[in-house]
Amino acid sequence: MLDKKLFALSDEELIKEFQDNNTIESYEILVKRYKDPLMNFVYRFVGNRDVCADIVQDTMIKFYLNKDSYKSFAKFSTWIYTIAGNLAKNELKRRKRRTILSLSNNDDDRTIQVEDKSFFTPEAVADSSIKGDLIQKALLKVKPVYREVVILRDIQGFSYEEIAEMTELSIGTVKSRINRGRAQLQKLLNNVYRD
Amino acid sequence: MEKKVQNINGEDQYKDIIKSLKELPRVKAPDNFELNLMTRIHNKNFEIERDKSYHFTVWGFLKPAAVVSLTAVIVLFVIDLNSLDVPNPLLTEPELRKEVLNDAENMTLQKKFIAEESVVPETKKKDEAPRAMASAPAVKNQGYKVVINENDAISKEMLELPVDEKSIDVDSRLNVTPNQSSNRAFLAGGTGERRKPVFDGFHTRSLENKWLRDSSAKYSDSLKNLEEK
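In this text, all values refer to a predicted model and were calculated from it rather than measured experimentally.

Draft legend 1. Looking closely at the overall build of chain A. Each helix and strand in chain A was counted, giving 11 helices and zero strands. Residues counted as buried form 45% of the 195 residues belonging to chain A. When the accessible surface of chain A is totalled, it reaches about 10,100 Å², and 49% of it is carbon and sulfur.

In structure tokens form, the structure reads like this:
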């Protein structure tokens, strides 16, 4: 009965319940609602399924530990996406540092294979799974600052205002970054769309 | 109006990209995601492993450099120790021998000895002619005698040679003139003066062995007694 009642509540009501009464069921419902969208967002941003599962778990742990830092005037989704985005960015920074320290120079990470016509025939490119892989690879080549907003806008479907709130940027900057990100992506995927 | 807004945001320009991004397959959380999460919360395992494993510290950054530097210092120290020229007492030559070899460079000890004997004043060299050895000017010719001591150390002693020359032709010296045949003994003795050379026996530089001397005397006395009988 309590669960049914809780399921009917909005995100903001659930977190209020969790904050006020420490109702673990509210927390579990929020986890259920956001685990998949966050997983999708973090995977598109980081590109590694195992790492992204860890990041989303850490996001949920942070949410559990810092529930009182959420302020009711904000949307819960923007708050939780901000946490996930920050953890994902930290992961990228860690990777970059590790690459510098290990002095490895893996050219595979820099080269995009999408322009290799002999490798991907037009028929193959038409296949959605291959196309999806190509887009994901291209997306990972886009600068992280542009990538984040493009994912939030075009994959997760957030409004410019919400993205501005999540990223603590002005709406104008968000729009500009989204356009730059799309332009980079189109340049990288030029061959796919030409065919 | 809506179209105009889309154009301002540049969404028309990238409609293919936007469409492709929207059609990307959705990634879902693993099945055990919630179970793992609630287990962590129940066990109060809130530590973020990745933060711990990749935590950046100045010491962590400098550690490889410190190890390399320390290794380099140790290696240099060992090499430096090896390079120290510690003389091996078993390989070093006796001091005197070294001196002799240095002086004569490639000459052998025997050659050196001859060379030292052959030191003759320049004035003597000019007058040197195929004349009789006996009539040679009485220039004191000095040489050296190599003495091997009991402790195997080699030393040299000044020696006054019996002849003036460093080398002599014995035949020419003895057969100078028939009239001088009576002087042959003196000539052979190497003295320019008319003084008969006296042979006073062989001398050894080793200390006299009293026991050996006594036993030799006893042995010679017993032989004499035996002959008398």
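The structure having been displayed, the exposition proceeds.
Draft legend 2. View of the packing of helix H3 (residues 24-46) of chain A against helix H4 (residues 49-65) of chain A. All names here are of chain A. It is at 9 Å that the axes of H3 and H4 come closest, and there the two elements cross at 145°. Our pair here, H3 against H4, has a crossing hand that is right-handed. Seen from H3, the contacting residues are Ile24, Tyr27, Leu30, Val31, Tyr34, Lys35, Leu38, Met39, Val42, Tyr43 and Val46; seen from H4, they are Arg49, Val51, Cys52, Ala53, Ile55, Val56, Thr59, Met60, Ile61, Phe63 and Tyr64. Classifying every residue of the contact of H3 with H4 by side-chain character gives 19 nonpolar, one polar and two charged.

Draft legend 3. Main features of the nonpolar core. Counting residues in hydrophobic clusters, the biggest one holds 65 residues, and the most contacted among them are Val42(A), Met60(A), Phe63(A), Phe76(A), Tyr81(A) and Leu21(B). The dominant element in this core, judged by the number of residues it contributes, is H3(A), at 12 residues. Beyond its immediate stretch of four places on either side in the chain, Met60(A) contacts Tyr27(A), Val31(A), Tyr34(A), Lys35(A), Leu38(A), Ile80(A), Phe33(B) and Leu37(B).

Draft legend 4. Structural view of the packing of aromatic side chains. All names here are of chain A. Tallied over the entire structure, the rule returns 15 aromatic pairs over all chains. Relative to Phe76, the ring of Tyr34 has its centre 5.1 Å away and its plane inclined at 70°; by these criteria the two rings are edge-to-face. Remark: Phe76 occurs in helix H5 (residues 76-102) and Tyr34 occurs in helix H3; sequence separation between them is 42 residues. A residue is classified by how much of its surface remains accessible, and Phe76, at 0% relative accessible area, is buried.

Draft legend 5. Representation of the side chain of Asp58(A). With respect to the element layout, Asp58(A) can be found in helix H4. Only 3.3 Å separates the side chain of Asp58(A) from the side chain of Arg40(B), close enough to count as a polar contact.

Rules behind the numbers
Within each chain, residue numbers correspond to sequence positions counted from 1 in written order. Key to labels: chains lettered from A, ligands numbered from 1, both in the order written. Where totals are concerned, whole chains, interfaces and linings use all residues; where local detail is concerned, this predicted model gives features only for residues with pLDDT of at least 70, and gives and counts side-chain atom pairs only at 80 or more. Side-chain descriptors were evaluated using all non-hydrogen atoms of the structure, hydrogens and water having been removed beforehand. Secondary structure elements are taken from DSSP: a helix is a run of H or I of four residues or more, a strand is a run of E of two residues or more, and numbering for both begins at the N terminus. Buried residues are those whose accessible area, probed at 1.4 Å on protein chains only, stays under 20% of the maximum for their type, while exposed residues exceed 50% and partly exposed ones sit between those limits. Using a 1.4 Å probe, accessible areas were evaluated by the Shrake-Rupley method; residue-level cover was limited to the displayed protein chains. Axes here mean lines fitted to C-alpha atoms, for a helix over just the part in contact, with angles spanning 0 to 180 degrees between N-to-C directions. The hand of a helix crossing depends on one turn: near helix anticlockwise from the far one by less than a right angle means left-handed, and clockwise means right-handed. Contacts: residue pairs with any heavy atoms within 4.5 Å of one another. Residues are grouped as follows: Ala, Val, Leu, Ile, Met, Phe, Trp, Tyr, Cys and Pro are nonpolar; Asp, Glu, Lys and Arg are charged; every other residue, Gly included, is polar. We call a set of buried residues a nonpolar core when its members are Ala, Val, Leu, Ile, Met, Phe, Trp, Tyr or Cys and they connect through side-chain atoms within 4.5 Å of each other. Side-chain rings of Phe, Tyr and Trp (the six-membered ring for Trp) are treated as a pair once their centres are within 6.5 Å; stacked means planes under 30 degrees apart, edge-to-face means over 60, and tilted covers the remaining angles. Nitrogen and oxygen atoms within 3.5 Å of one another constitute a polar contact, given that in protein one can donate a hydrogen and the other can accept it, and given that sequence-neighbouring residues count only through two side-chain atoms.

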